[in-house]
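What follows is each chain in one-letter form.
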Amino acid sequence: MLLIGAALLQTTLSPYIKITNVHPDLVLILVIAWTILRGLEDGLVWAFIGGLSLDFVSGAPFGVFTLTMLLSTLTAGLFHGRVVGSSIVLPLGLAFPLSLLFNVLALLFLNLLGRPVVWIDAFSNVLFPVALYNTGVMMLLFPLLYLLNRWLTPQQISF
Amino acid sequence: MTATRSRRQLYIALIVALFLLGVALDQLGYMSSVKAFVQTAVSPLQSAFSIVAGDVSSQFEASADIRTLQARNVELEALANSLMVENARLRELERENELFRQLLNYTRNNPQFIYETTSVKGRSTGFDPSNLLYFVYVDVGAREGVAKNMPVITDRGLVGRVTAVGPNSAQVLMLIDPASAVNAIIQNSRVTGVVRGHIDGTLSMERIPPNEEINPGDIVLTSGLGGNFPDKLIIGQVTEVLQRDQDMFQTARIRPTVDFGKLEIMLVLTSFEPIDFEAEILETQEQDN
């Protein structure tokens, strides 16, 4: 529900939350954060649902976002369990390269499927600004997901 | 004792005499100037007392009515809230009405290709979630007669074309999408070119012959060439002309007249029958090669 809601938010709110003509990839941020917190298995489930949600509401050929989301999640899964305490350093450090990876892969697939791409323009005007924006939004969302994760999996007290 | 009594009687007689004198003077009309003098002397004091008395009185009244006022205040706050909501609703209706009026005027002013019965009004329901694509979704579809490749406009100009149709919704590829290409013409000089979108949501007019003169401020319209769009639809205005020595063509940056970030109500031109766009592109690419 969270991911579908995020995908719908992305479609409806995107014009209103644009900075320098780009908006954050809310679904991607949620999936990356969840993967870092919960591990690859949970992350892949979220990536699948999140990617499908994007594919259903996007004009891109079906499957592009599911595939790129899964590939980005596989990369994020390598870093599961390396969050120390409530440290936000790792998610913040990963948000930028994984956002870049996600959008570069998506653009590459779109290019292979026939869309014209001017890569220099894409990097300077969209890919880097989006990655920066996503990093900023990760700073806001990760603590919330961290708390959600703690609420879902309460610490067991051993005697 | 006798002296004291006689002095008291004298005082009383004097007071009565003064009183009678006063009455007599008043009757004769001589007291009015005295009264005016006294009135002038005491009026500042009267005024001050009046203010203080009024304040004290109102304080008493306020404290006496405080419960009534509180209840009234609650009622008024509730009324203000409901009026605010009502006002917001009316503003929204007014804005929507204005949009519809603009579209109606547009269709009246452009009867050559738009007929009220053959265009449908669609409301945007969302944009593409990706930063890489520029699609907008409208709430009209096949049931309303919308078909693939039909042009979509607002009163401010061309938005794009329909790329996918559902029963009740349609997907519109916006002009600013990199996959969009529209044959265009400069209004004054009649120079032709192709308007393309870019990944950052900007527009440019390409393939302008090198010797043609174009200037910032020139209006760009659809040319109708290729049959994908009707002619004379406004696209935008030239903001900058780019020509390097090694380039075969000139390129102009275009500022679109449509605000693609604030699309609400659009018209789908169901009366226009476009030529297959993809076949056209393939043909152009083959010619280029």
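By convention here, each chain's residues receive numbers from 1 onward along its written sequence. All chains are assigned letters beginning with A, and all ligands numbers beginning with 1, in the order in which they are written. Predicted model: local features are reported for residues with pLDDT of at least 70 only, side-chain atom pairs are reported and counted for 80 or more only, and whole-chain, interface and lining totals are derived from all residues.

Peer 1: Before we go on, may I ask you to explain the overall build of chain A in this structure?
Peer 2: Helix and strand assignments come from DSSP, with helices taken as H or I runs of at least 4 residues and strands as E runs of at least 2, each series counted from the N terminus. Tallying secondary structure elements over chain A gives 6 helices and 0 strands in all. If you list the helices and strands of chain A from N to C, you get α-α-α-α-α-α. Neighbour counting defines burial: a residue surrounded by 20 or more other C-beta atoms within 10 Å of its own C-beta is buried, one with 12 or fewer is exposed, and intermediate counts give partly exposed, using backbone-placed C-beta atoms. Expressed as a percentage of its 159 residues, the buried residues of chain A come to 41%. Our contact criterion uses C-beta atoms placed from the backbone: two residues qualify when those atoms are within 7 Å. Considering only intrachain contacts with a sequence separation of at least 6, the fraction spanning at least 24 residues in chain A is 72%.

Peer 1: It is not clear to me how helix H3 (residues 40–57) of chain A should be interpreted in this structure. Could you clarify?
Peer 2: Since there are 3.6 residues in each turn of an α-helix, residues three or four apart along the chain are aligned in direction. All names here are of chain A. The length a helix should cover is 1.5 Å for every residue beyond the first. Across its 18 residues, H3 extends 25 Å between first and last C-alpha, which sits within 8% of the 26 Å expected from 1.5 Å per residue. Turning to H3, its buried residues number three or more, namely Gly43, Trp46, Ala47, Gly50, Gly51, Ser53, Leu54 and Val57. The buried residues of H3 all sit within an arc of 160 degrees when viewed along its axis, so they share a single face. This arc corresponds to the set of directions leading from the helix axis out to the C-beta atoms.

Peer 1: Please explain the interface of chain B and chain A as it appears in this structure.
Peer 2: Put simply, an interface is often sized by how much accessible area is lost when its parts join up. Each side of the interface is counted separately: chain B has 20 residues, and chain A has 28 residues. For the side of chain B that touches chain A, the secondary structure elements donating two or more residues are strand E1 (119–127) and strand E5 (170–174) of chain B.

Peer 1: Is there a simple way to explain unusual backbone geometry in this structure?
Peer 2: Across the chain, the bulk of peptide bonds are trans and the bulk of non-glycine residues have phi less than zero. All names here are of chain B. Although it is not a glycine, Arg207 sits at a positive phi angle of roughly 60 degrees. On the secondary structure map, Arg207 appears in strand E8 (residues 203–208). A count of 17 C-beta atoms within 10 Å places Arg207 in the partly exposed class. For Lys232, which is not glycine, the phi dihedral falls at a positive 70 degrees. Position of Lys232 among the secondary structure elements: in the loop between strand E9 (219–222) and strand E10 (234–242). Here Lys232 falls in the partly exposed class, since 14 other C-beta atoms lie within 10 Å of it.

Peer 1: Please explain helix H1 (residues 2–13) of chain A as it appears in this structure.
Peer 2: Residue and element names in this part refer to chain A. Taking 1.5 Å per residue, 12 residues should reach 16 Å; H1 reaches 15 Å between its end C-alpha atoms and fits that length. Within the sequence span of H1, burial applies to Leu3, Ala6, Ala7, Gln10 and Thr11. All buried residues of H1 project into a common sector of 135 degrees when viewed along the axis, lining one side.

Peer 1: Help me understand the pairing of E10(B) in this model?
Peer 2: If a strand is regular, its side chains alternate between the two faces of the sheet. All names here are of chain B. Should DSSP find at least two bridges between two strands, the strands are regarded as paired. In the sheet, E9 pairs with E10 via 3 bridges, with the strands oriented antiparallel. Its bridge partner being in E10, Ile219 is matched across the sheet by Gln237. Here E10 pairs with strand E11 (residues 250–256) via 6 bridges, running antiparallel. If you follow Gly236 over to E11, its bridge partner there is Pro256.

Peer 1: I'm lost on the environment of B:Asn149 in this one. Help?
Peer 2: Mapped onto the fold, B:Asn149 is located in the loop between strand E2 (135–138) and strand E3 (151–154). Spatially, the C-alpha atoms of B:Asn149 and B:Leu173 are 9.3 Å apart, while their sequence positions differ by 24 residues.

Peer 1: It is not clear to me how the packing of helix H2 (residues 26–38) of chain A against helix H6 (residues 119–152) of chain A should be interpreted in this structure. Could you clarify?
Peer 2: Packed helix pairs are characterised by how far apart their axes lie and by the angle those axes make with each other. Residue and element names in this part refer to chain A. Angular values range over 0 to 180 degrees, each being the angle between N-to-C directions of two axes fitted as lines to C-alpha atoms, with helices fitted over their stretch in contact. Packing of H2 against H6 brings their axes to within 9 Å, and their N-to-C directions diverge by 45 degrees. If you check the angle between H2 and H6, you find them oblique. Here the hand of the crossing between H2 and H6 comes out right-handed. Contacts between H2 and H6 involve Leu28, Ile29, Leu30, Ala33, Trp34, Leu37 and Arg38 from the first element and Asn134, Val137, Met138, Leu141, Phe142, Leu145, Tyr146 and Asn149 from the second. Among the residues making up the contact of H2 with H6, the classes are represented as 12 nonpolar, 2 polar and 1 charged. To sort the angles, those under 35 degrees are grouped as roughly parallel, those over 145 as roughly antiparallel, those from 65 to 115 as roughly perpendicular, and the leftovers as oblique. Should the near helix be turned counterclockwise from the far one by less than a right angle, the crossing is left-handed, whereas a clockwise turn marks it as right-handed. When residues are grouped by polarity, Ala, Val, Leu, Ile, Met, Phe, Trp, Tyr, Cys and Pro land in nonpolar, Asp, Glu, Lys and Arg in charged, and all others, Gly among them, in polar.

Peer 1: Whenever I open this one, the sheet that holds strand E6 (residues 181–186) of chain B confuses me. Can you help?
Peer 2: Strand pairing in a sheet is mediated by backbone hydrogen bonds. Such pairs are either parallel or antiparallel. A barrel is described by the order of its strands in space; here 6 strands give the closed sequence E6-E7-E8-E11-E10-E9 (chain B), paired in antiparallel fashion. For this sheet the average axis-to-axis angle between neighbouring strands, irrespective of direction, equals 40 degrees.

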